[in-house]
Structure formats: C-alpha cells, structure tokens
Amino acid sequence: MNFLKKLFSGAPESPEEENKEQKAHDFDVLKYDGVAALKQHNLDYAVKCFMHALELQEDAEIHDYLAQTLIQLNCLHEAYEQLMFLHRTEPDNVRILLRMADVAYMMEDYDAMTEVCEKATQLDGDNAMANFAYARARIGKEDFVNSIVLLGKAIAVSSENLFYDAYLLRGQTLLKMGDAVTAEGDADLLLDNIPDNEDVLLLKARCREALDDHDSALETYDCVIDANPFSIDGFKERAALRRAIGDEQGAAEDEAALQELTQEKQAETEAGMKEGDIQEQTERAYKEINPFGI
C-alpha cells in the first residue's frame, strides 16, 4: 500500500509520515510480543513490552494486559494504578471497578475497596458481584451487620442461580457474630447442592460445635477429611474436638497427621508457593469481570 502510494504519487513520504508508520509498526510488534510473553508466563518481558508500547501509544487493552501481568508478579499497587487509568477512561464500567475491588482485597486495602464498591453499587445496585465485593470490604472493616445486608442482597438479585460464595460467606460471618443457628441454615442449604464441598462442611461442623453437638460435629469433621484428606483445618479442628471430649488417642493421631501435612506444605519452595498463590488470585480477580473480553 505504501509502496503503491509512493509509486503513483511520485513523491516520497515525509519524515513525519515515516516516523508515524514506524511507531505504529513498533507498537503492534510490542503488543504482540507482550501478549505472547504473558501467555507463556514470561512476565518480566511482558511488562517491558507493554511499558514500551504505552510509551508509543496510549491503549486501553495494553493497560489491561499490563494490569494482569503485574498482578501475577504480585505488584498489586502498580496493577491498581493501571486499573485506575482504565476507570478514568470508562468511569461507568462496573467490571473495571470490580477488578479494582479484587486487587484492593488482595492488598487488604479495605478503604479503597469500599470506595470502588460504593461506586459500583451506585452504578448498578442489582449487580450481585458488586454487592458481594462490597460485603467483603465491610467484613474487612469489621462491619459485620452491613455485610450481612449486602450478602442478602447479592443472594436475592441472583435468585435464578444459587450464589454459593455469598451463602458461604454469610454463614461464616453469622457464625463469627455468634448466630450459629442461622449460619447453619446457610450451611444446610449449600450441603443440599454441593454436599462434598470442604468449606461448606467445615462451616457445618463449626456450627454443630458452637451448638455443643459434639457427636454431629465430629461426624461432619470426618466428612471434611473424606472430602479432602489433606485438609489442615479439618485435622486441626477435629484434633481439638477429640481432645475436648477426652479422645486422647484420636487427638494424637490427628495431630500427627496435621504435623505431617504442615511439614509437607513448608517443604514446598517459597517461590513455587507464591507463584501458585498469585495465579489463584489472578484467576479469581478476572473471573467473569473482564471488561474487554480478553
């Protein structure tokens, strides 16, 4: 195209036009290389590509890719800055605000999380994920009463599909507030739908224990460990319960298993553990809230 233009126009392109075309070409190359590096988990190189691309041209997708990469590198403050840019570009995009809320949650910055969740719920008060995120922010600030209200709304506006995470978090929060009876109601509802879920079984066992039903609690802890033979919480809490009811041998067996599991976990390399944690957080942060569909 440029060759034909030069051929038929009879005049060479100006230096400005050539420079502009070169920048556009370099931008495309950097973007392509950055995305390829991100997919291959070559994160440091991906960051370099995206940063250089942004020096050539502002681009929302590049900021988004850069945010994803920085989260995987555990550079959460820097990732949040990239999302702030996207928010300024699209202030009414609730999905971007939910991403910001997730990153703020990872940073345990519940003030920032509260701020963005308030914006999200003002834009879309019936958004289940926005209400759920707002509830987590309130829990982070130990405002349990309002978190229960927000979780109730998250559950209500997603009535066509059970919002399992919201029920679980509400049950856990109610138990923390001392309302084991109502918390158990959420646990039972979840068990009717996901009977082998470790977290739900733990909630049920803790409710039974809080209500002094040690036999039922013990049976449920057995189910926890059947569901996940590597459940550190399951062995730890069952050991404590067994000791409390006088089963010294059973408690000792659980404590031995717990020690072995703990040692195995500590034996993992720190780098490997961090990488796994960040990968899990990244998947959670971008699950179903990607504003650019990438």
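To be clear, the structure that these remarks concern was listed above.
Here goes a summary of the coordinates provided. Given the structure is predicted, the values throughout are model-derived calculations rather than measurements.

About the thresholds
Residues numbered from 1 in each chain as written. Predicted model: local features only at pLDDT ≥ 70, side-chain atom pairs only at ≥ 80, totals over all residues. Heavy atoms only, no water. Helix = DSSP H or I, 4+ residues; strand = E, 2+ residues; numbered from the N terminus. Buried < 20%, exposed > 50% of the residue type's maximum accessible area, 1.4 Å probe, protein only. Contact = heavy atoms within 4.5 Å. Salt bridge = Lys/Arg side-chain N within 4 Å of Asp/Glu carboxyl O. Axes fitted to C-alpha atoms, helices over the stretch in contact; angles between N-to-C directions. Parallel < 35°, antiparallel > 145°, perpendicular 65-115°, else oblique. Left-handed = near helix turned anticlockwise from the far one by under 90°. Expected span 1.5 Å × (residues − 1). Arc of directions from axis to C-beta.

Points about the overall build of the chain
The helix and strand inventory of the chain stands at 16 helices and zero strands. Residue burial in the chain is summarised as follows: out of 294 residues, 44% are buried. Contacts in the chain between residues far apart in sequence, at least 24 positions, make up 50% of those at least 6 positions apart.

Some words on the pattern of salt bridges
When their charged atoms lie close together, side chains carrying opposite charge are able to pair. Scanning the model with the defined rule gives 19 salt bridges in all. Among the ionic pairs, arginine 208 bridges to aspartate 213, the shortest N-O distance being 2.7 Å. For aspartate 213, a relative accessible area of 25% translates into the label partly exposed. Two residues, arginine 238 and aspartate 222, come together in a salt bridge whose shortest N-O distance is 2.7 Å. A residue pair is termed long-range when its members are at least 10 positions apart, and arginine 238 in helix H14 (residues 232-244) and aspartate 222 in helix H13 (residues 214-227) qualify at 16 residues. In this structure arginine 238 comes out as buried when scored by relative accessible area, which is 10%. Here the salt bridges do not stand alone but share partners, grouping Glu184, Asp188, Lys204, Arg208 and Asp213 into one network.

Some words on unusual backbone geometry
Backbone geometry places glutamate 142, a non-glycine residue, at a positive phi of 60 degrees. Within the secondary structure layout, glutamate 142 lies in the loop between helix H8 (128-140) and helix H9 (144-157). The phi dihedral of aspartate 212 falls on the positive side, at around 65 degrees, and the residue is not glycine. Topologically, aspartate 212 is positioned in the loop between helix H12 (198-210) and H13. Aspartate 212 gets classed as exposed once you look at its relative accessible area, which sits at 59%.

Points about the packing of helix H11 (residues 180-193) against H12
Orientation of H11 relative to H12, taken along the N-to-C sense of each, is 150 degrees, at an axis distance of 9 Å. On the basis of the axis angle, H11 is roughly antiparallel to H12. At the point where H11 passes H12, the crossing takes the left-handed sense. Mapping the contact onto sequence places Ala180, Ala183, Glu184, Ala187, Asp188, Leu190 and Leu191 in H11 and Val200, Leu201, Leu203, Lys204, Cys207, Arg208 and Ala210 in H12.

A short note on H9
Taking 1.5 Å per residue as the helical rise, H9 with its 14 residues ought to reach 20 Å, and the 20 Å between its terminal C-alpha atoms agrees with that figure. Listed in full, the buried residues belonging to H9 are Ser147, Ile148, Leu150, Leu151, Ala154 and Ile155. The buried residues of H9 occupy one face: seen down the axis, they fall within an arc of 165 degrees. Across H9 from its buried face, at more than 90 degrees, point the exposed residues Val145 and Val149. The inward-facing, buried residues of H9 abut H8 and helix H10 (164-176).

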